[in-house]
Amino acid sequence: MWVYILIGFVSFLIFYFIFLINLFIKWSNKVKEAFSTMDVYFKKRWDLIPNLVEVVKGYAKHESETLEEVIRLRSQSSSMDEEIKNSNLLNKKIRQIMILSENYPELKADEQFRNLISNLIKIEDELMNARKYYNAIVRIYNNKIEIFPNCLIAKLFGYSSKMMFEVSENEKELVKIEL
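If you're wondering where the values come from, they're calculated on a predicted model, not measured in any experiment.

When helices and strands are tallied, the protein shows six helices and zero strands. Reading the secondary structure of the protein in the N-to-C direction produces α-α-α-α-α-α. Looking at the protein as a whole, 35% of its 179 residues are labelled buried. The contacts in the protein between residues at least 6 apart in sequence include a share of 80% that link residues at least 24 apart. Here the protein has roughly 11,000 Å² of accessible surface; of this, 59% comes from carbon and sulfur atoms.

Moving on, we get to the pattern of salt bridges. According to the stated counting rule, one finds one salt bridge in the structure shown. A salt bridge links Lys44 to Glu126; the nearest nitrogen and oxygen atoms lie 3.3 Å apart. With Lys44 in helix H1 (residues 2-59) and Glu126 in helix H5 (residues 111-146), the pair connects residues that are 82 residues apart, well separated along the chain. The exposure class of Lys44 is partly exposed, given its relative accessible area of 37%.

As enumerated under the stated definition, the model contains four aromatic pairs in all. Taking the centre distance of 6.1 Å and the plane angle of 15 degrees together, the rings of Phe12 and Tyr16 count as stacked. Taken together, the residues Phe12 and Tyr16, both in helix H1 and four residues apart, mark about one turn of the helix. Each ring, one from Phe24 and one from Tyr159, has its centre 5.5 Å from the other, and the planes form 50 degrees; the classification is tilted. On the criterion of sequence distance, the pair formed by Phe24 in helix H1 and Tyr159 in the segment after helix H6 (150-156) is long-range, its members being 135 residues apart. Each member of the pair Phe24 and Tyr159 is classed as buried. Its end group placed over the ring of Trp27, Lys30 keeps NZ or CZ at 4.3 Å from the ring centre.

We now examine the environment of Asn91. Tracing the backbone through its elements, the reader meets Asn91 in helix H3 (residues 80-103). For the pair formed by Asn91 and Glu124, sequence separation is 33 residues and the distance between their alpha carbons is 9.5 Å.

Moving on: the nonpolar core. Counting residues in each nonpolar core, the largest one holds 35 residues, and the members touching the most others are Phe24, Met38, Phe42 and Tyr134. When contributions to this core are tallied by element, the ones reaching two or more residues are H1, H3, H5 and H6. Among all residues touching Phe24, those that are not within four sequence positions of it are Tyr141, Lys144, Ile145, Asn150, Ile153, Ala154 and Tyr159.

Let us look at a nonpolar patch on the surface. A grouping of Leu6, Phe9, Val10, Phe12, Leu13, Ile14, Phe15, Phe17, Ile18, Leu156 and Phe157 is seen on the molecular surface, where their side chains present a nonpolar patch of about 1,100 Å² in accessible area. Under the relative-accessibility criterion, Phe12 is labelled exposed at 51%.

This part is about the side chain of Arg131. Turning to its location among the elements, Arg131 is positioned in helix H5. Buried charge without a salt bridge: Arg131, with Glu124 as the nearest opposite-charge side chain at an N-O distance of 4.0 Å. Residue contacts for Arg131: discarding those within four places in its chain leaves Met38, Phe42, Arg45, Ser87, Asn91, Glu124 and Phe165.

Further remarks concern the side chain of Asn135. Relative to the helices and strands, Asn135 is located in helix H5. Residue classification places Asn135 among the buried residues on the basis of a relative accessible area of 18%. Excluding anything up to four places from it in sequence, Asn135 contacts Met164 and Phe165.

Let us look at the confidence of the model for the protein. Summarising the model, the protein shows a mean pLDDT of 77, and 65% of its residues fall at 70 or more. For the protein, helix H2 (residues 64-74) is the element with the lowest average pLDDT, namely 61, and H6 is the one with the highest, namely 88. Counted against residues more than four places away or in other chains, residues 174-179, with its pLDDT under 50, gives 11 contacts.

Reading the values: rules and limits
- Residues numbered from 1 in each chain as written.
- Predicted model: local features only at pLDDT ≥ 70, side-chain atom pairs only at ≥ 80, totals over all residues.
- Heavy atoms only, no water.
- Helix = DSSP H or I, 4+ residues; strand = E, 2+ residues; numbered from the N terminus.
- Buried < 20%, exposed > 50% of the residue type's maximum accessible area, 1.4 Å probe, protein only.
- Contact = heavy atoms within 4.5 Å.
- Areas by Shrake-Rupley, 256 points an atom, 1.4 Å probe, with all protein chains shown as cover.
- Salt bridge = Lys/Arg side-chain N within 4 Å of Asp/Glu carboxyl O.
- Phe/Tyr/Trp six-rings, centres within 6.5 Å; stacked < 30°, edge-to-face > 60°.
- Lys NZ or Arg CZ within 6 Å of the ring centre and 35° of its normal.
- Core = buried A, V, L, I, M, F, W, Y, C linked by side-chain atoms within 4.5 Å.
- Patch = residues over 30% accessible without salt bridge, like charges linked within 9 Å, V, L, I, M, F, W, Y side chains within 5 Å.
- Lys, Arg positive; Asp, Glu negative; His and termini not counted.
- pLDDT = per-residue confidence, 0-100.

Below, the structure is given as structure tokens:
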């Protein structure tokens, strides 16, 4: 009788172990997919930035420090966490460029600049939705690997918490942009 109970218990542990590993793999892949979706919008924004920088350069030659920082940030993302951190910095710099337009009425009136800003706003809206989706998936994934006893098996197989996309305090301030 005890042998059957022991075999049943060991079988349960093996099936639970296999279930958790498959669950971790599934949610890890969902995190990668969510980041990939967000990354598509990052790429669209990255592709738009050189055009925006060039238009602004023509009007604001002495503002080159901001523009150079935008270009530097655009070119140095390697990992998921790094790209999220750089995106926060890039958001701040893009806001500075948009604020620059307030100081240069000719820039605000430039049709190409207005089109670029309009496209940037659309991309930012899409990116915002992708960030929400990414954060929701990361929250679920982190919960699954941090809950006991799952955390023991997750650690054993090298699964760790993922970084959520968070907005910096500077980005929470309202910016007035008039075009």
